[in-house]
Amino acid sequence: MTAAPLDALRISEGSLRAIAAGNANEADLNLLCSAQRSQLLLILRVLLDRADTAASRARHPGDIPSARASWELLCAAQRQDPGAVETVLGDPTVMAWALRLLRRIRATDAAALSSAPLWADLGQFQALAAAAAARAGVSAVLRVPAHRGMVWLPGAGVAGPVSRRRWSEAEVRVEGRGVVVSGELTRVRLPRTLTEPLPGWRPLRVVPGRKAGDVAGGAAATPWLDTVTPYRDFTRYPRSPGRSGERRLRLWENRLADAYALLDEECPRDAVALRALVRTLVPRSFQTARGGLVASASSLDAFGAVTLSLPYDATQTASVLVHESRHQQLNALLSLVPLVRDGADRLYYAPWRSDPRPLLGLLHGVFAFFGVARFWRTHRAHVSGTEAERAAFEFAVLREQVREALAGLRDDVPLTEAGRIVVDEMAAIAGRWQEDEVPVRPGELARHYCALRRAVWRARHLEIPRPAAQRLAAAWAAGRQAPELPAPVLRPRHDLIRLDMFGPLVRYRLSAPELFARRRREEKHGDPERRAEYAVIAGDTGAAVLGYAEWTARIPHDAEAWIGAALALPEHAGTPGAALLLSRPEVVVGAHRAVAAAGSAVPADELAAWLAAADPGPARPAPAGAGLAADSG
C-alpha cells in the first residue's frame with residue numbers, strides 16, 4: 001500500500017479552501033492553534049535537553065538553576081491546574097524567547113544574539129515555572145533573572161524594580177499567602193489574581209469589551225495589551241517596560257474594544273478567527289496614523305502576537321487586525337503543510353509594496369490583503385457618506401491589487417499542490433469581486449492609484465539591457481523607426497524608494513474633504529510634486545498637468561514625474577506614448593538615459609511616443625506580477 005503524504009493526514013482540502021477563503025470554522029482554527037502549541041512543546045523539549053549543557057558555558061558567579069527542576073515544577077502545576085499552564089504557555093512571548101534561545105544555543109543565527117547574558121536567557125525557564133506555580137497555587141521558591149530589576153512572569157506581567165543593576169537574580173516565592181518577588185533592593189507582593197496593577201507590579205492589560213467563551217479550543221477569552229514583557233519586540237530584546245501613561249493606554253483599550261465590536265457586528269467570521277489566533281497586541285512607538293499609515297507586523301517566532309501603531313479610528317483598527325490575523329493563519333498553516341516548493345528564489349511585484357518580494361512574501365501579502373479586501377467589501381454596506389466613499393476606495397484598490405498578485409502567483413509559479421489550492425480558492429472569489437459596482441470617484445482614484453504604483457515600481461526596479469538601450473538611442477538619433485522593444489531584467493533599487501503619499505492624500509480627500517481642501521491651499525506655493533498630487537485627487541486636471549510639467553522641468557530625468565503626467569491626462573486625451581509610459585516605463589527610462597549619454601536631450605513624452613510605434617516582435621513585456629530573477633550585474 002502506498003503511504004499517503006503526511007500533510008494529507010493533517011489537513012483536508014476542504015479546510016485549506018475554507019482557511020484561504022476566510023471561512024475557517026472552529027475545527028480549522030483549533031487545528032492551527034494545536035499545531036503551534038505542539039511546535040512550542042517540541043522546542044521546549046529540545047531546550048530542556050540542551051539547557052544544562054549550555055549552562056556550563058555561561059559565565060555566572062554562582063550555579064545556574066537546573067532547567068529540569070523547572071520542568072518538573074511545570075509538570076506539577078499541570079497536574080494541579082492544567083489551565084494555569086495553558087495560560088502561561090499561551091503567552092506568545094514564550095515562543096519568542098524559546099526560539100531565540102534555541103538559535104543562540106545552536107549558534108545557527110547571528111541575529112539571534114541577545115544583549116542578555118546566556119545565564120539570564122536560560123534562567124527564563126525558572127520564570128515559566130514560577131508563573132505556572134503562581135497560577136496553579138503550587139508552593140515553590142525559585143531564582144529568576146531580573147533585567148534592570150524587572151522580573152518577567154510569562155502570561156501575567158512583570159514585577160519590580162527589585163534591583164538597580166542591569167542584570168541580577170531575584171527570588172520568586174509562591175506560598176499559601178500568595179506570590180512575593182524579592183531582590184537586593186526591595187520585595188513586591190503580587191495580587192492574588194495577578195491582573196490588578198499594584199506598586200511594583202505591572203500586569204498584562206486585558207482589552208475590555210470582549211465576549212467570554214468565544215475562543216476556539218478554549219484558549220484565551222480576551223487579548224492582552226502588552227507593554228511590559230521583555231520579549232515582546234520582534235527585532236530587539238530584551239526590552240524594558242514601556243512608559244505609556246494611563247491616558248494613552250486607555251485610548252488603546254477603547255480603540256481596540258471598538259474594533260472588536262465592529263468585527264462582531266459586520267464580519268463575525270473574522271472576529272472568531274481573531275479571537276482564536278491573536279493573543280497579544282503590542283503597541284508600537286509610531287505616531288498615531290494619519291491617512292492610513294499604520295505600522296503593524298506578525299512574526300513566525302511569536303504566534304499569537306501582533307505589534308501595531310495606534311490606528312486613527314476603529315474601522316482602520318479592525319482592518320489592521322484582520323490583516324494580521326490572516327498572517328497568523330498563514331504562519332500556522334505553513335507549519336502544517338508546505339505551500340511553496342524549495343528553491344523558489346525569484347522576486348515578484350507585490351502591488352502593496354515598494355520593493356520586490358520573494359515568493360513566500362508575495363503569498364503572505366496576498367493572503368493578508370485578500371482578507372482586508374473582504375473586510376472593506378463588507379464594511380461598505382454598513383456605512384454611508386464619506387465613510388462609504390473611503391470603504392469603496394479601499395475595496396477597489398485591494399480587489400485590483402489582489403487580482404493582479406494572484407494572477408502572478410498562478411502563472412508558472414513553484415507552488416505545491418496545497419499552495420495551488422489556496423491560491424485558486426482566493427482567485428475564484430477575487431474574480432467575482434470584479435463585478436461589484438463602486439461609486440465613480442472612489443473607483444477612478446483607485447484605478448489611478450493602482451496604475452501609479454505599478455508603473456513607478458517598474459521604473460524603479462526593472463531595466464532594459466544597456467546594449468538594447470543604446471540601439472534604441474542610435475535609431476532615435478538616425479531618425480529611424482524604433483526597433484523591437486527589449487524585455488526587462490530586474491535590478492532592485494531600494495535607494496530609489498520614496499514614501500508614498502498619494503494613497504494617504506486620497507484617504508484624506510474621501511474621509512475629511514474640508515481638511516484636504518485646507519491642506520491643498522497650504523501647499524499652493526509648495527513642492528510641485530505635492531501640488532500635482534493634490535490637484536489630481538481634487539479632480540483639477542489643469543492644475544495637475546501644470547504641476548507635473550513644473551516637476552519635469554525641474555528634474556527632467558525623473559520617471560515618476562513622467563508617469564504622473566501621463567496619468568493626469570483625461571482618458572480621451574491619452575496617447576500611445578502615455579500608454580507606454582504606464583505599461584513599460586523602464587523602456588522609456590533606459591532609452592532616455594542612453595539618448596542623454598549620447599549628448600542629446602529629448603522630452604520623455606516625445607521619446608515615449610516614438611517608442612510606442614516600435615516594430616512588433618515576439619518579445620512581450622513581463623507582467624508586473626510575474627517573477628523575475630534578479631540581475632546581479
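Residues numbered from 1 in each chain as written. Predicted model: local features only at pLDDT ≥ 70, side-chain atom pairs only at ≥ 80, totals over all residues. Heavy atoms only, no water.

Things to note about the environment of Gln316
Position of Gln316 relative to the elements: it lies in helix 9 (residues 314-334). Once the C-alpha coordinates of Gln316 and Ala259 are considered, the two residues, 57 residues apart in sequence, prove to be 8.1 Å apart. Within the local environment of Gln316, its side chain forms a polar contact with the backbone nitrogen of Tyr312, the two atoms lying 2.9 Å apart. (Helix = DSSP H or I, 4+ residues; strand = E, 2+ residues; numbered from the N terminus. Polar contact = N/O pair within 3.5 Å; in protein donor to acceptor, adjacent residues only side chain to side chain.)

Some points on unusual backbone geometry
Leave glycine aside and you will find that most residues have negative phi; peptide bonds, for their part, are mostly trans. In this structure, Pro161 follows Gly160 across a cis peptide bond, with omega equal to 5°. Within the secondary structure layout, Pro161 lies in the loop between strand 3 (157-159) and strand 4 (167-175). Here the amide bond leading from Tyr237 into Pro238 is cis, since omega sits at -5°, within 30 degrees of zero. Its location among the elements puts Pro238 in the loop between strand 9 (224-225) and helix 7 (246-266). Here the phi dihedral of Arg148 falls at roughly 50°; this positive angle occurs in a residue that is not glycine. Here Arg148 shows up in the loop between strand 1 (140-147) and strand 2 (151-153).

Focus on the pairing of strand 10 (residues 280-283)
Neither face of strand 10 is left uncovered, since the one carrying Thr280 and Val282 and the one carrying Leu281 and Pro283 both have all their residues buried. Pairing of strand 9 with strand 10, which is carried by two bridges, proceeds in the parallel orientation. Bridging from a neighbouring strand, Trp224 pairs with Thr280 of strand 10. Sheet topology places strand 10 next to strand 12 (residues 305-308); four bridges connect them, and they run parallel. Counterpart to Leu281 in the pairing with strand 12 is Val306. (Buried < 20%, exposed > 50% of the residue type's maximum accessible area, 1.4 Å probe, protein only. Pairing = 2+ DSSP bridges.)

Remarks on the nonpolar core
Ranked by size, the top nonpolar core spans 133 residues in total, and within it Leu281, Leu333, Val366, Leu406, Leu409 and Leu611 carry the most contacts. When sequence neighbours within four positions are dropped, the list of residues in contact with Leu409 reads Leu359, Leu362, Leu363, Val366, Leu415, Arg420 and Val423. Counting residues in hydrophobic clusters, the runner-up holds 71 residues, among them Leu44, Ala84, Met150 and Leu204. (Core = buried A, V, L, I, M, F, W, Y, C linked by side-chain atoms within 4.5 Å. Contact = heavy atoms within 4.5 Å.)

Comments concerning the packing of aromatic side chains
The final tally for this structure, using the stated rule, is 13 aromatic pairs. Between Trp97 and Phe125, the ring centres sit 5.3 Å apart and the planes meet at 90°, which makes this aromatic pair edge-to-face. Separated by 28 residues along the polypeptide, Trp97 in helix 5 (residues 92-106) and Phe125 in helix 6 (residues 118-136) bring together distant segments of the chain. In terms of burial, Trp97 and Phe125 fall into one category: buried. Measuring from centroid to centroid gives 4.9 Å for Phe370 and Trp433, while their planes differ by 25°, and the two rings are stacked. Of the two residues, Phe370 is situated in helix 10 (residues 359-379) and Trp433 in helix 12 (residues 417-433); the sequence distance between them amounts to 63 residues. In terms of burial, Phe370 and Trp433 fall into one category: buried. Cluster of aromatic residues (ring-pair linked, three or more members): Trp152, Tyr231 and Tyr237. One cation-aromatic arrangement involves Arg279 over Trp224; the distance from NZ or CZ to the ring centre is 3.4 Å. Arg326 extends its terminal NZ or CZ atom over the ring of Phe367, reaching a point 3.8 Å from the ring centre. (Phe/Tyr/Trp six-rings, centres within 6.5 Å; stacked < 30°, edge-to-face > 60°. Lys NZ or Arg CZ within 6 Å of the ring centre and 35° of its normal.)

Some thoughts on the sheet that holds strand 10
One key point about sheets: their strands pair by backbone hydrogen bonds, in either a parallel or an antiparallel sense. The mixed open sheet is built from five strands, whose spatial order is 8-9-10-12-11. This sheet does not close on itself; its edge strands, each paired only once, are strand 8 (205-206) and strand 11 (296-297). Summarising the sheet, strand 11 and strand 12 pair through two bridges and their orientation is antiparallel. Counterpart to Ala297 in the pairing with strand 12 is Thr307. The sheet contacts of helix 9 involve strand 10, strand 11 and strand 12, and relative to strand 12 the element is tilted by about 140°. (Axes fitted to C-alpha atoms, helices over the stretch in contact; angles between N-to-C directions.)

Let's talk about the confidence of the model for the protein chain
In the predicted model, the protein chain carries a mean pLDDT of 89, and the fraction of residues at 70 or more is 91%. Note that pLDDT drops below 50 for residues 618-624; the model gives that stretch 15 contacts with residues more than four away or on any other chain. (pLDDT = per-residue confidence, 0-100.)

Details of the side chain of Arg255
Tracing the sequence through the fold places Arg255 in helix 7. It turns out Arg255 is buried and unbridged, and the closest side chain with the opposite charge, Asp258, is 5.9 Å from it. For Arg255, the side chain forms a polar contact with the main-chain oxygen of Pro311, separated by 2.4 Å. Not counting residues up to four positions away in its chain, the partners in contact with Arg255 are Leu310, Pro311, Tyr312, Asp313, Ala314 and Thr317. (Lys, Arg positive; Asp, Glu negative; His and termini not counted. Salt bridge = Lys/Arg side-chain N within 4 Å of Asp/Glu carboxyl O.)

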